[in-house]
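Fold and contact review
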Amino acid sequence: MSGQAGPAGAGGGGAAADAAGVPMPCEVEELSTLFLFEKLNDEQLARLCAEGRVERFEPGYLYREGEPATCFYVLLEGTLVLSRRVGADDLEVTRSSDRGAYAGAFQAYATDPTRAHYQGSCRVPEQSRLFILPAETFAAVMRDWFPMAVHLLEGLFFGHQNTQQVVGQRERLLALGSLSAGLTHELNNPAAAAVRATSALRERVAGMRHKLKAIASGPFRREELETLVEIQERTAEQVAKATPLSPIEASDREDAVADWLDDHGIAEGWNIAPTFVQAGLDTDWLDNVAATVDAQILEGAIRWLNYTVETELLMTEIEDSTTRISQLVHAAKQYSQLDRAPSQDADVHELLDSTLTMLARKIGPDIRVDKQYDRTLPRVPAYPGELNQVWTNLIDNAVSAMDGAGTLTVRTSLDRDQLLVEFHDTGPGIGADIRERIFDPFFTTKPVGEGTGLGLSISWRIIVNKHHGSLNVVSAPGDTTFLVRLPLTAPDTGPRTGDAPTPEETP
């Protein structure tokens, strides 16, 4: 921490500071020796001493993250330590014993001092002496003494915020467009299959009506018709229980059924055989039919049963297609959380599955998804829609890193008092030289036009600031893992905002 140091971020409430200052004299000469004030004149230094104060502190906290930002602190003697709250731990961000190092409400000139909060925690690990300026006074002297600098700094500060907001909205729109295209593609396949099956079913039902007319006017006795109907019922039940065959098994059985049909004088048996085999019917079933009906009506019975089998198969296809559509719609609702409260106790496995479903087309056929879920994990307090945004960003990064081929492993487990979600990919890894920057806003390794550099930054803020968890990464060539930890119980404090600390996972 030096002249550029200060707390990182702003946010919710915290416990009261536990260090009480002892008032000490404020000397203009001492302030003039600090690099922050070395260009001020005697009148300006006198105003600082008049409106500020000097205090000596024993070891303890000057302020805690989330408390109202009321003061600007400048170190005269001792040591300052700045930290951020990450999950259940205080992470030390920086430490300094340099005279003039500052902390606290150092952005009071750019924000409303009455509404700002400390962006981190600050403590003194040893007896220290500090110059303290109220935030309102600091804002006033900055505007009085350095109006042009304040305008420039405000432009930089708010310009960065606005740019990040606009680019973030653009990124969300691009992600929405990509997901919409993927969902449309996924819905089109089962919808088209259902339409085709419905059209074919109409033809088969029409054929059954004609066949029924032929049977009614044919040489069938009442007993034979009853037997035929019984066989039809058993056949329909058999179709529902059919198990898929391997291509070789299906081919061998089709040959056997076609030969049986030819041997019994049924024309074009090769055309009927595949339908019977798909329904799980074989020569033993055909022998049973032949033993039940007279030879002169065998062919009519077989063709009648063929219509039955085709109808059952088409209805099964329609059911499968519409079920798939229903599942996709459910996944889309689960992903978007349209019918849910913003905050609730959520099952992370449902959220992960809905996100994987929505991204199925982008993941592609050459990436194997290995889901290793611990289904015994409890539900966690969360903002499900925003967690889905995190899963989307992390999965999208993994898919991009693997360049369309590899293995994506999604694992859940219990890590002490937190729920751990891991995303492993088999991509080339993240170099050590950029690993500490990947959560920085606008940092991206993708070519121009392919990434905004906000996905991981937004994810970090959602996990750390809003869910009070942690987001870290460990990486080696061929094995990169993002680790998301979420608390099992709702925290007492509100959401926090701010920049990310060093994100790399420590062993």
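Before going into details, it helps to say that this report is about the structure given with it.

The next thing to look at is the state of the cysteines. Under the definition given, this model contains one disulfide. The partner cysteine of Cys26 in its disulfide is Cys49, sulfur to sulfur 2.2 Å. For the disulfide bridge between Cys26 and Cys49, the dihedral angle about the S-S bond is near -80°, and by the sign convention the bridge is left-handed. Placement of Cys26 in the loop between β1 (21-24) and α1 (28-32) and of Cys49 in helix α2 (residues 42-51) is noted, with a sequence separation of 23 residues between them. Of the residues examined, Cys26 reaches a relative accessible area of 23% and is grouped as partly exposed.

Moving on: the sheet that holds strand β7 (residues 102-104). Strand order in the open sheet made by the five strands is β1-β2-β9-β4-β7, with antiparallel pairing throughout. Unpaired on one side and paired on the other, β1 and β7 mark the two borders of the sheet. On average, each strand axis in the sheet is tilted by 35° relative to the strand beside it, whichever way the strands run. Along the sheet face, helix α3 (residues 135-145) touches β4 (71-77) and β9 (128-134) and points at about 65° away from the line of β9.

What follows is about the packing of helix α6 (residues 247-263) against helix α7 (residues 269-278). Between α6 and α7, the least distance of the axes is 8 Å, while the angle of their chain directions is 130°. Between α6 and α7, the crossing angle belongs to the class labelled oblique. Between α6 and α7 lies a crossing of right-handed hand. For the pair formed by α6 and α7, the contact residues are Ala250, Arg253, Glu254, Val257, Ala258, Leu261 and Asp262 on the first element and Gly269, Trp270, Ile272, Ala273, Pro274, Phe276 and Val277 on the second. Looking at the contact of α6 with α7 residue by residue, the class counts come to ten nonpolar, one polar and three charged.

This brings us to unusual backbone geometry. Not every positive phi belongs to a glycine, and Glu268 is a case in point at roughly 55°. Along the chain, the position of Glu268 falls in the loop between α6 and α7. Residue Glu268 is classed as partly exposed on the basis of its relative accessible area, which comes to 48%. The backbone phi angle of Asp403 is positive, close to 55°, even though this residue is not glycine. By the secondary structure assignment, Asp403 is in the loop between α12 (384-402) and β13 (406-415).

Cut-offs used in this document
Residues numbered from 1 in each chain as written. Predicted model: local features only at pLDDT ≥ 70, side-chain atom pairs only at ≥ 80, totals over all residues. Heavy atoms only, no water. Disulfide = S-S within 2.5 Å. Helix = DSSP H or I, 4+ residues; strand = E, 2+ residues; numbered from the N terminus. Buried < 20%, exposed > 50% of the residue type's maximum accessible area, 1.4 Å probe, protein only. Pairing = 2+ DSSP bridges. Axes fitted to C-alpha atoms, helices over the stretch in contact; angles between N-to-C directions. Contact = heavy atoms within 4.5 Å. Parallel < 35°, antiparallel > 145°, perpendicular 65-115°, else oblique. Left-handed = near helix turned anticlockwise from the far one by under 90°. Nonpolar A, V, L, I, M, F, W, Y, C, P; charged D, E, K, R; others polar.

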